[in-house]
Amino acid sequence: MVKTIKGIPASPGIAIGKVLLYNESPTAIPRFHLSREDVASEVERLKRAVERAAGDIQLIKESLDKDAKDQHALLEAHTLMLYDPCFNELAHERIGKELKNVEWVLQETVNSLVEQLEATQDSYLRERSSDILDSSRRIIDHLLNRKRISLGKLDQEVILVAHNLLATEMLQLDRRKIQAVIMDVGGKTSHTAILARSFGLPAVVGLKDVTGQVATGDPVVVDGIEGLVTLDPDGETLENYRNKRALFEKKESQLYNITDLPAETTDGKLIRLKANIEFPAETDQVLNINAEGVGLFRSEFLFMDQRESADEESQYRSYRQVLEAMGDRPVTIRTLDVGGDKLISEIESQHEANPLLGWRAIRFCLEKTNLFRTQLRALLRASRHGRLQIMFPMISGIEEFEEALSLVEEVKAELKGEEIPFDANIPIGLMIEVPSAAMTSDILAERADFLSIGTNDLIQYSIAIDRGNEKVAHMYQPLHPGLIRMIHLVVQNAHRHGIPVSLCGEMGGEPLYTPILLGLGLDEISMSAYSLPEIKKIIRSVSIAESEELLGSILEMRSYKEINDYTRLWMEKRFGNSGQ
Ligand code: PEP
Ligand code: MG
């Protein structure tokens, strides 16, 4: 029977296809009590599953390059763990004593081991808990005859349904075969959603329990525009969605007609529209839509892509590739912004209680100075090949900014000493993503060449909601008066100090907010490439005068609801329904 579920629209587009269910829900472990005579066969099942899991690891080892020493060592450790007598004896004993099925015992044994390890002060022991989890998952997969699906190589087109895909898993997707992604959890500005938009994949997240409602092979329609997923669609639904898909594609192609026109308001103000990218290859798309540059290159994705190493040479090549492709258009490269939902191995092992408030972004780089210096060297060396701007993420106050600036100076001196050429006048700026930075933006603007407002995090930290958590997604309100006031303050402070200010969060790609951003006085907006033509169309049809008037009314309002309603109505009057 046709059934529609509402989630959060994360990347626009319509996809009609068949489900590929990736991993079962984490709670789907069977639990039952055994009779005494079943104990021996249950212990035997465990032994067999351990042997099969070890066989899997052996196969992976054989497929690896011999020189990949770290990976071999990791797999070796996983094999040892599978046969660990302490763990196996404990499980055997509990099956016999507690008369619980093996999956149940295994899960409880592993959970208590992991808890003990995570409570220790010894970071080496704490790191072992993720290995234990990985090994036990492998055993459980065998016990349940669950096959791990490889998402990197698929033989037919599918709609991927998952409880939660990590950003690193998104990187491995076979993009030729995956038509759309839908997930139980997640928010609109989680990095999984941002990557889906970069890849042009329709996506709906925050569907709560979609994984419990579908099976591989089920027909499904994904509407990434409205955030709807229709299960078991009938003929009429399919027909309606085919029409909606054709309209969406037509609208997209019409927007390309204004590619060569400037982003100029009706009263003559030019706004610089730039694109956000995660990978060097995306510059093709950026040039196709004729963006004025790259306003945010999220360099951390070079570190997360495990197929590539991120040493100085390979980083240099990637930065150079982007700068050369963009020619005389400026490229703002953000230094490593890991942590939160973007993990690399050094951070993965930390198990922080509050990772979003923890050791991430610039805090991480100012401690891991070797890694940071390597990135700065690669950036400075690449600066000769185009118009580079460097930007630091998550700055919370002037101390961090000055510390980062002095590291740049040290790396410059080092390169000079080695007679390696670089551009001596690279503009250096920072992201305003933390409320304390917004409130001290006058102090930061004295030292910076530009500011860029990262609203994804600024909203997260000012309203105090996890941007990836669907339970609080309704509170993610870009029109919260607290946020509008903060952006207003940052723009005024930047202009008072004669420096430009940009906005590079997802808010910049939403047509509903464009006139308000113009009224706020932003010089530049950077967004996913796919949003840019539509935003340009809005800019070309409004004046700064009317946008300032709109902002004036909004600044008088008390709640985000009031501001939302007023702005929607304003947009409807000006553009009809298509303005939203
Ligand atoms: C932001 O926080 O708004 C931003 C652009 O950075 P990211 O989305 O990568 O955190
Ligand atoms: Mg951010």
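These lines cover the structure that appears in this document, whether it is placed above or below. (Residues numbered from 1 in each chain as written. Chains lettered and ligands numbered in written order. Predicted model: local features only at pLDDT ≥ 70, side-chain atom pairs only at ≥ 80, totals over all residues. Heavy atoms only, no water.)

**Overview of helix α11 (residues 312-326)**
When the terminal C-alpha atoms of α11 are compared, their 21 Å separation across 15 residues agrees well with the 21 Å that a helix rising 1.5 Å per residue should span. When α11 is considered as a whole, its buried residues turn out to be Glu312, Ser314, Gln315, Tyr316, Ser318, Tyr319, Val322, Leu323 and Met326. Gly327 lies just past α11 and shows a positive phi near 60°. (Helix = DSSP H or I, 4+ residues; strand = E, 2+ residues; numbered from the N terminus. Expected span 1.5 Å × (residues − 1). Buried < 20%, exposed > 50% of the residue type's maximum accessible area, 1.4 Å probe, protein only.)

**What to know about the pattern of salt bridges**
Taken as a whole, this structure holds 34 salt bridges when the rule is applied. Put simply, Asp174 and Arg176 hold a salt bridge, and the shortest N to O gap is 3.3 Å. For Arg176, a relative accessible area of 61% gives the class exposed. Two residues, Glu506 and Arg197, come together in a salt bridge whose shortest N-O distance is 2.6 Å. Of this pair, Glu506 sits in the loop between β15 (501-503) and α20 (514-520) while Arg197 is found in helix α7 (residues 191-199), placing the two residues 309 residues apart along the sequence. Each member of the salt-bridge network shares a partner with another, and the members are Glu312, Glu313, Arg373, Arg377, Arg381, Glu410, Glu414 and Glu418. (Salt bridge = Lys/Arg side-chain N within 4 Å of Asp/Glu carboxyl O.)

**Describing unusual backbone geometry**
With a phi angle near 65°, Lys208 is a residue other than glycine that sits in the positive phi range. Notably, Asn290 is not glycine yet its phi reads approximately 60°, a positive angle. Mapped onto the elements of the fold, Asn290 is located in the loop between α9 (283-288) and β10 (294-298). The class of Asn290 is partly exposed, set by a relative accessible area of 26%.

**Here's the deal with the sheet that holds strand β4 (residues 158-162)**
Taken together, the eight strands give an open sheet; going across it, the order is β1-β8-β7-β3-β4-β5-β6-β2, and neighbouring strands pair in mixed fashion. Both outer strands of the open sheet, β1 (3-6) and β2 (8-11), are each paired with one neighbouring strand and no more. Between one strand axis and the next, the sheet turns by 30° as a mean value, whatever way the strands run. Strands in contact with α7 are β2, β5 (178-183) and β6 (203-205); relative to β2, the strand with the most contacts, it is inclined by about 50°. (Pairing = 2+ DSSP bridges. Axes fitted to C-alpha atoms, helices over the stretch in contact; angles between N-to-C directions. Contact = heavy atoms within 4.5 Å.)

**Remarks on the coordination of the magnesium ion (ligand 2)**
The protein atoms that coordinate the magnesium ion (ligand 2) are Glu433 (OE) and Asp457 (OD), at distances spanning 2.0 Å. Placement of Glu433 in the loop between β13 (428-432) and α16 (435-439) and of Asp457 in helix α18 (residues 455-463) is noted, with a sequence separation of 24 residues between them. (Donors = N, O, S within 2.8 Å, 3.2 Å for Na, K, Ca; no water.)

**A closer look at the site of ligand 1**
As a structural note, the neighbourhood of ligand 1 is formed by 16 residues, with Arg298, Arg334, Glu433, Asn456 and Arg467 the closest of them. Gly454 has a polar backbone atom sitting 3.4 Å from an oxygen atom of ligand 1. A distance of 3.0 Å is found between an oxygen atom of ligand 1 and a side-chain nitrogen or oxygen belonging to Asp457. Coverage of ligand 1 by the protein chains reaches 100% of its 290 Å² of free accessible surface. Of the pockets mapped on this structure, ligand 1 occupies the largest cavity. Mapped onto the shell around ligand 1, the elements with two or more residues apiece are α7, β10 and α18. Looking at the shell around ligand 1, the element that brings in the most residues is α18, giving three residues. (Near = heavy atom within 4 Å. Polar contact = N/O pair within 3.5 Å; in protein donor to acceptor, adjacent residues only side chain to side chain. Areas by Shrake-Rupley, 256 points an atom, 1.4 Å probe, with all protein chains shown as cover. 1 Å grid on protein atoms, 1.4 Å probe; cavity = no way out; pocket = protein on both sides within 12 Å on 5 of 7 lines; lining within 4 Å. Sits in = over half its atoms within 2 Å of the grid points.)

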